Amino acid sequence: MMNTLKALTKQFLGAKYESAKKSLLEALILFAAIHAAQFRIVIASSILYLISTLFTAGVMWQVLTGRRHMETIQGMFSLPFDNRSFVFSYVLVLGAHTLITKTLLIWALFFAAAAWNMREIVLAVFCGCMACTTAAAGYQMYRKGHAVFPLLWAFSILAAILTAHRWITILAAAAASFLAAILYLFFADAYNFYFNTAAKKAILHAGHTRDIFVYLIRYLTANKSYLINTAGLWVAACFLPLLLGEFQGLNIFPIGLAILCLNTPICTLLSCDPDLEQALHMLPGQTVRFCWKYCLFVFTINGIASGIYLCSWQITNNKVGLIHVGMLLLFNLQSAIFSVLLEWKYPLRDWKTESDLWHHPRKYLIPLVMLLVAALVGAWPLALWIWAAILLAECCILFFFAHYMS
């Protein structure tokens, strides 16, 4: 078991555990910065437990469904191994990776921004550990075709956290779920953690010879996590007009358009598929042939979310005009251009899991730029026309530059 544990640890946390060291340093800096700023808010303990459980379980599920480490697992399966030792080693390492590299930052933020006693901190950490084991057990059920049971299990845990008014009740529910997950994993099959990506890649690359846009659509539909993330943005677009409210002297509508640019999986397709990225850079003429279709793809996906937001804005405020449609087109086109240029010129490297890729700080760069533009447009209407002229010039420059380089 120790050999398996060591091999998996080096795979997910780095040969010298550099991922863990980096995350610990980031969490320490975040905690110190917020604590030194004396920023304090009142947060209910149930919210801390809920975030620790929900966020950790979501990230753990992303790691379990990742494709990057399947080749490593396949290599380990080619050697003799003990089934039970591999299952617990795999869950332990993935859980540690999730808690250290992702949840620790959330804990640092919560622990620095509000006052907590030791009992609440320990219970929050235990909820995170419980979420990792429960997600692993739920994934095993899902792989066996029993998708209903993980959903019922998740709803039961969330209901217990939200409705319980005493910490002992939450502790009992978390302990019961943790023990049930451990018991289920005790009889789990290690091969259920592995899925073959060769067939999926064959389906995807079949579109290369015909049309890149078809390939991108197949890439999106072949990854359910991408669809879930996109559908989540569409749901958020329905409620954004209610959440944003109104500000005196500032048009809030562009703020929602900037927020809806945060679709990380769609904007990291090249980083997520290094083979495709390498092939595109080797073939001639791909700057024109691929980038403009990729830009159209991002524009279309984000445009659907923005269209839902526009309809919701009309229902909520009854103030939609041509200027709103123009903003929608400008924001989606600009964010698509920035996203494709960033992905084409500076793809992300050296990531261990898809979760690391999606939670990379670069994901906030485009939405942050668009938020600044939204604030300027919302406060100064003339800026919209200046921006439209700049964007038109930008498109012309990129078009001629792409053709010249090809």
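Everything that follows concerns the structure shown earlier in this document.
An account of the accompanying structure is given in this report. What you see is a predicted model, and the numbers here were worked out from it, not measured in a lab.

Let us look at the overall build of the protein chain. From N to C terminus, the protein chain includes 20 helices and 0 strands. For 406 residues, the compact-globule estimate of 2.2 N^0.38 gives 22 Å, and the protein chain sits close to it at 23 Å. Taking the principal axes of its C-alpha atoms as reference, the protein chain extends roughly 60 × 50 × 40 Å. Looking at the protein chain as a whole, 45% of its 406 residues are labelled buried. Accessible surface, the protein chain as shown: approximately 20800 Å² in total, 72% of it carbon and sulfur. Here the protein chain carries 27 positive and 16 negative side-chain charges, and the mean point of each set is 3 Å from the other.

Two elements in contact, helix H3 (residues 45–64) and helix H7 (residues 148–163), have axes whose closest approach is 9 Å; the angle formed by their N-to-C orientations is 165 degrees. Regarding the angle of H3 to H7, the classification is roughly antiparallel. Considering only the axes of H3 and H7, their crossing is right-handed. Packed against H3, whose contacting residues are Ser46, Tyr49, Leu50, Thr53 and Leu54, the element H7 presents Ile157, Leu158, Ile161 and Leu162 at the interface. In terms of residue class, the contact of H3 with H7 is built from 7 nonpolar, 2 polar and no charged.

What follows covers empty space enclosed by the protein. Here the structure, examined in full by the defined rule, presents 2 cavities of 30 Å³ or more. If you add up the space inside the largest cavity, you get close to 140 Å³. Along the walls of the largest cavity sit 16 residues, with Cys267, Thr268, Arg362, Lys363 and Ile366 positioned nearest its centre. Among the secondary structure elements, those contributing two or more residues to the lining of the largest cavity are helix H17 (322–345) and helix H19 (365–379). With 3 residues, the top contributor of residues to the lining of the largest cavity is H17.

Now for the layout of surface pockets. In this structure, the largest pocket spans a volume of roughly 1400 Å³. As for the largest pocket, its lining consists of 40 residues, of which Gly58, Trp61, Gln62, Thr65 and Ile228 are closest to the centre. Per element, the largest residue contribution to the lining of the largest pocket is 9 residues, and it comes from H3. Counted as a void, the second largest pocket has a volume near 1100 Å³. Lining the second largest pocket are 32 residues, with Lys102, Asp356, Trp358, His359 and His360 positioned closest to its centre. Of all elements in the fold, only helix H2 (18–36), H3, helix H5 (83–113), helix H11 (224–244) and helix H18 (354–358) reach the threshold of two or more residues within the lining of the second largest pocket. A class-by-class count of the residues in the lining of the second largest pocket yields 12 nonpolar, 11 polar and 9 charged.

Here we take up the packing of aromatic side chains. By the definition in use, this model includes 13 aromatic pairs. With a centroid separation of 4.9 Å and an interplanar angle of 50 degrees, the aromatic rings of Tyr90 and Phe193 are classed as tilted. Within this pair, whereas Tyr90 is found in helix H5, its partner Phe193 is found in the loop between helix H8 (167–186) and helix H9 (198–205), the two being separated by 103 residues in sequence. As far as burial versus exposure is concerned, Tyr90 and Phe193 are alike and both buried. Between Phe126 and Phe178, the aromatic rings sit 5.7 Å apart at their centres with planes inclined by 55 degrees, giving tilted as the arrangement. Of this pair, Phe126 sits in helix H6 (residues 118–143) while Phe178 sits in helix H8, and the two are 52 residues apart along the sequence. Here the aromatic residues Trp61, Phe86, Tyr90, Tyr139, Tyr142 and Phe193 are joined through ring pairs into a cluster of three or more.

The subject of this paragraph is the nonpolar core. Across soluble globular proteins, nonpolar side chains show a tendency to be buried alongside one another. Counting 54 residues, the largest nonpolar core has Phe290, Tyr294, Phe297, Tyr309 and Phe331 as its most contacted members. The element that contributes the greatest number of residues to this core is helix H16 (residues 291–317), accounting for 10 residues. When near neighbours in sequence (up to four residues on either side) are disregarded, Tyr294 contacts Leu216, Ile266, Cys267, Thr268, Leu269, Val340 and Glu343. By size, the runner-up hydrophobic cluster in this structure holds 51 residues, among which are Val87, Leu123, Trp153 and Ile161.

The first and last C-alpha atoms of helix H1 (residues 2–13) sit 16 Å apart over 12 residues, in line with the 16 Å expected at 1.5 Å per residue. For H1, the full list of buried residues reads Thr4, Leu5, Leu8, Thr9, Phe12 and Leu13. Buried residues of H1, seen end-on, are gathered within an arc of 130 degrees and therefore sit on one face of the element. Pointing more than 90 degrees away from the buried face of H1 are the exposed residues Asn3 and Lys6.

Here we come to the packing of H6 against H7. The N-to-C vectors of H6 and H7 enclose an angle of 155 degrees; their axes lie 8 Å apart at closest approach. As summarised for this structure, H6 and H7 are arranged roughly antiparallel, according to the angle between their axes. Residues Met130, Thr134, Ala137, Gly138, Met141 and Tyr142 of H6 touch H7, and the partners they reach there are Phe149, Pro150, Trp153 and Ile157. The class makeup of the residues in the contact of H6 with H7 is 8 nonpolar, 2 polar and no charged.

Calculation rules
- Residues numbered from 1 in each chain as written.
- Predicted model: local features only at pLDDT ≥ 70, side-chain atom pairs only at ≥ 80, totals over all residues.
- Heavy atoms only, no water.
- Helix = DSSP H or I, 4+ residues; strand = E, 2+ residues; numbered from the N terminus.
- Rg over C-alpha atoms; globule rule 2.2 N^0.38 Å.
- Buried < 20%, exposed > 50% of the residue type's maximum accessible area, 1.4 Å probe, protein only.
- Areas by Shrake-Rupley, 256 points an atom, 1.4 Å probe, with all protein chains shown as cover.
- Lys, Arg positive; Asp, Glu negative; His and termini not counted.
- Charge placed at Lys NZ, Arg CZ, Asp CG, Glu CD.
- Axes fitted to C-alpha atoms, helices over the stretch in contact; angles between N-to-C directions.
- Parallel < 35°, antiparallel > 145°, perpendicular 65-115°, else oblique.
- Left-handed = near helix turned anticlockwise from the far one by under 90°.
- Contact = heavy atoms within 4.5 Å.
- Nonpolar A, V, L, I, M, F, W, Y, C, P; charged D, E, K, R; others polar.
- 1 Å grid on protein atoms, 1.4 Å probe; cavity = no way out; pocket = protein on both sides within 12 Å on 5 of 7 lines; lining within 4 Å.
- Points joined across faces, edges and corners; volume = space filled by probe spheres on them.
- Phe/Tyr/Trp six-rings, centres within 6.5 Å; stacked < 30°, edge-to-face > 60°.
- Core = buried A, V, L, I, M, F, W, Y, C linked by side-chain atoms within 4.5 Å.
- Expected span 1.5 Å × (residues − 1).
- Arc of directions from axis to C-beta.

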